[in-house]
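Structural features, examined
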Amino acid sequence: MNYLTTQPAHIHTAFLSPQHVAEIVQTRGLPAIFAGLVEAIRADFLRWPEFDKTARVASHSANGVIELMPIADAKTYTFKYVNGHPGNTQRGLSTVMAFGVLADVDTGTPLLVSELTLTTALRTAATSVMAAQALARPDSRVMALIGNGSQSEFQALAFHHVLGIEELRLYDIDEAATAKLMRNLAGTSLRLVKCSSAADAARGADIITTVTADKSQATIITPGMVQPGMHINGVGGDCPSKTELHADVLRAGPVFVEYAPQSRVEGDVQQMAADFPVTELWQVLNGTAMGRSADEQVTVFDSVGFALEDYSALRFMREQALALGIGEPLPLIPALADPKDLFSVLGTAAPVANRQAPVARENHHA
Ligand SMILES: NC(=O)c1ccc[n+]([C@@H]2O[C@H](COP(=O)([O-])OP(=O)(O)OC[C@H]3O[C@@H](n4cnc5c(N)ncnc54)[C@H](O)[C@@H]3O)[C@@H](O)[C@H]2O)c1
């Protein structure tokens, strides 16, 4: 008997691979995906008190970090596994790789296991745009984009499609990364300007997005680059001892964060005293806190990535997948005729005494 084929109908774990998510994006189109994600994340931020929130659990090592990001409301539980290894690209690996789970709180059944590498880039860009809608000047048309790696096209296109950015001023210490970004965006109506430094990129920009990866206390943006009225979208400073903004840039304007207990440890505000004022974004969205108060004001979104954005993205992608019939079943949980008879699953295997353990087989061949 193959228990996988006799799985009862009530066990439904679906799997979404990067190809499945790409198919969803291609079918819906990037503008609709970004617009949908912005609305999904906003709707969940507006129900902030309903969530059981925690700062992510980070495991640091010499080259990077591995993080677990759980969150739940009364109905749905999600978590993301994600790493951040800035040196990975030199080893042919991505800096950020992720996957996650969405489960039914009522029974604990895992309903979805999904890739989240692509989805993280989409949801991070959507979160940046959601923050900019509340904080940037509405007439913003020019954006500096500093750091032209994996996340950069997603940031560029979300700002283009949802916020109306028309010109990008690009800089990366790696010219090949900028060339790749320009190739990938060549078919759009964005004006692309390659710049010689971060300061050059910032010149004349309405919004500065920093999305660099470097395991260091960097100061990509210094006070001299910041002009009145700018909005700064700091995405890459997201780990202890990994920053992008000079402390005086943070002092230049009100600073907005996702979840203060996490951001004070991981964000650019890690440089500031524990009582440095920050405003959680959800309060701006629901009207209980002030966002931008004047055209001349400098605003800073110190993004680190919060579990709620992945919760929203997992739910959004699951809804899209169900509607489009994309994805595949994942036989993750044993299906049992008698739920107390887990042992019956072993009935599918050969008798234990007749099998050699894999390690013993390998030794035998050695
Ligand atoms: N806030 C969030 O929610 C969130 C989500 C995803 C990724 N991130 C962070 O975003 C950053 C970028 O991620 P990625 O996947 O694009 O990484 P990536 O390695 O693909 O790209 C990073 C780019 O930054 C460039 N860079 C490094 N130092 C620079 C400097 N001083 N000036 C200009 N460019 C510089 C690199 O050359 C590289 O091209 C990472 O730090 C990652 O941890 C944050």
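The shown structure was predicted, so the numbers you read here are calculated from the model rather than taken from an experiment. Chains are numbered independently. Their residues run from 1 in the order of the written sequence. Where totals are concerned, whole chains, interfaces and linings use all residues; where local detail is concerned, this predicted model gives features only for residues with pLDDT of at least 70, and gives and counts side-chain atom pairs only at 80 or more.

What to know about the pairing of strand β7 (residues 142–146)
- Counting buried residues along β7, four of its five residues qualify, which places the element largely inside the surrounding structure.
- Think of it like this: strands point away, you trace from the first strand over the helix to the second, and a clockwise trace means the crossover is right-handed. The secondary structure listing takes helices from DSSP runs of H or I that are at least 4 residues long and strands from runs of E that are at least 2 residues long, numbered from the N terminus. A crossover links β7 with its parallel partner strand β8 (residues 167–171), the connecting element being helix α4 (residues 152–163), and its sense is right-handed.
- DSSP-based pairing: two strands are paired if at least 2 bridges between them are found. In this structure, β7 lies alongside strand β10 (residues 207–210), joined through four bridges in parallel fashion. Its bridge partner lying in β10, Met143 is registered against Ile207. Exposure in this text rests on C-beta crowding, where 20 or more other C-beta atoms within 10 Å of a residue's own make it buried, 12 or fewer make it exposed, and counts in between make it partly exposed. The C-beta atoms are placed from the backbone.

Structural notes on the sheet that holds β8
- Read across the sheet, eight strands follow the order β9-β8-β7-β10-β12-β16-β14-β15 without closing on themselves; strand pairing throughout is parallel. The open sheet has two edge strands, β9 (191–194) and β15 (278–280), and neither has a second partner. The average undirected angle you get between the axes of adjacent strands in this sheet is 20 degrees.
- Think of it this way: build a C-beta for each residue from its backbone, and any pair within 7 Å is a contact. Only C-alpha atoms enter the line fits that serve as axes; for helices the fit covers just the stretch in contact. Angles between N-to-C directions range over 0 to 180 degrees. Sheet strands in contact with helix α3 (residues 117–135) are β10, β12 (231–234), β14 (255–257) and β16 (299–302), and its direction is about 160 degrees off that of β12.

A short note on the sheet that holds strand β6 (residues 110–115)
- Taken together, seven strands build an open sheet; the order of strands is β2-β3-β4-β5-β6-β1-β17 and the sheet is mixed. Either end of the sheet is taken by a strand with one partner, and the two such strands are β2 (57–60) and β17 (328–329).
- Bridge count for strand β4 (residues 76–84) against strand β5 (residues 98–104) is seven bridges, and the pairing is antiparallel. Its bridge partner being in β5, Thr78 is matched across the sheet by Leu102.
- This element, α3, spans β4, β5 and β6 of the sheet and lies at about 85 degrees to β6.

Considerations on the site of the ligand
- Close to the ligand lie 31 residues; Thr95, Gly149, Ser150, Ala177 and Gly305 are nearest.
- For the shell around the ligand, the secondary-structure elements that each account for two or more residues are α3 and β11 (217–221).
- Under the scheme applied, nonpolar residues are Ala, Val, Leu, Ile, Met, Phe, Trp, Tyr, Cys and Pro; charged residues are Asp, Glu, Lys and Arg; polar residues are all the others, including Gly. Of the residues assigned to the shell around the ligand, the class counts are twelve nonpolar, 15 polar and four charged.
- Residues lining the shell around the ligand come from more than one domain, with at least three contributed by each of domain 1 (14–118 + 310–329) and domain 2 (126–305). Each residue gets a C-beta atom placed from its backbone. Should that atom fall within 6 Å of a molecule or strand, the residue is termed near it. Boundaries of every domain are those given by an automatic assignment or by a domain database.

Description of the pairing of β12
- Side-chain alternation along β12 places His231 and Asn233 on one buried face and Ile232 and Gly234 on a second face that is also buried.
- Bridge count between β10 and β12: four bridges; the pairing is parallel. If you follow Thr210 over to β12, its bridge partner there is Gly234.
- The pairing of β12 with β16 spans four bridges and is parallel. Bridging across to β16, Asn233 finds its partner in Phe301.

What to know about the domain arrangement of the protein
- Domain annotation of the protein identifies domain 1 (14–118 + 310–329) and domain 2 (126–305).
- If you average the C-alpha positions of domain 1 and of domain 2, the two centres end up 22 Å apart.
- In this assembly, 21 residues from domain 1 lie in contact with 22 residues from domain 2.
- Top contributing element to the side of domain 1 that touches domain 2 by residue count: helix α2 (residues 30–45), with nine residues.

Focus on the confidence of the model for the protein
- Scored from 0 to 100, pLDDT reflects the predictor's confidence in each residue. The predicted model of the protein averages 93 in pLDDT, with 92% of residues at 70 or higher.
- Below pLDDT 50 for its whole length, residues 1–7 participates in twelve contacts with residues either more than four positions away or in separate chains.
- Segment residues 357–366: pLDDT under 50, and one contact once partners within four positions in sequence are set aside and those in other chains are kept.

A short note on the environment of Ala103
- Tracing the backbone through its elements, the reader meets Ala103 in strand β5.
- Residue class for Ala103 comes out partly exposed when judged on the 19 C-beta atoms lying within 10 Å of it.
- When the C-alpha positions of Ala103 and Ala72 are compared, they lie 9.2 Å apart, and in sequence the two are 31 residues distant.
- Apart from residues lying up to four places away in sequence, Ala103 is in contact with Tyr77, Gly108, Thr109, Pro110 and Leu111.

Structural notes on the nonpolar core
- Nonpolar cores are built from buried Ala, Val, Leu, Ile, Met, Phe, Trp, Tyr and Cys residues. These are joined into a set through C-beta atoms within 7 Å. Core analysis: the largest hydrophobic core is formed by 88 residues, its most contacted members being Leu37, Ala126, Val129, Ile221 and Phe256.
- Element by element, the count of residues in this core is highest for α3, at ten residues.
- Looking at which domains feed residues into this core, each of domain 1 (14–118 + 310–329) and domain 2 (126–305) gives three or more.
- In this structure, Leu37 is in contact with Leu122, Arg123, Ala126, Ala313 and Phe316, ignoring residues within four places of it in sequence.

Describing the environment of Ser344
- Topologically, Ser344 is positioned in the loop between β17 and α11 (358–365).
- Looking at Ser344, the number of C-beta atoms within 10 Å reads 14, which means it is partly exposed.
- Remark: the alpha-carbon pair of Ser344 and Thr222, spanning 122 residues in sequence, is separated by 64 Å.

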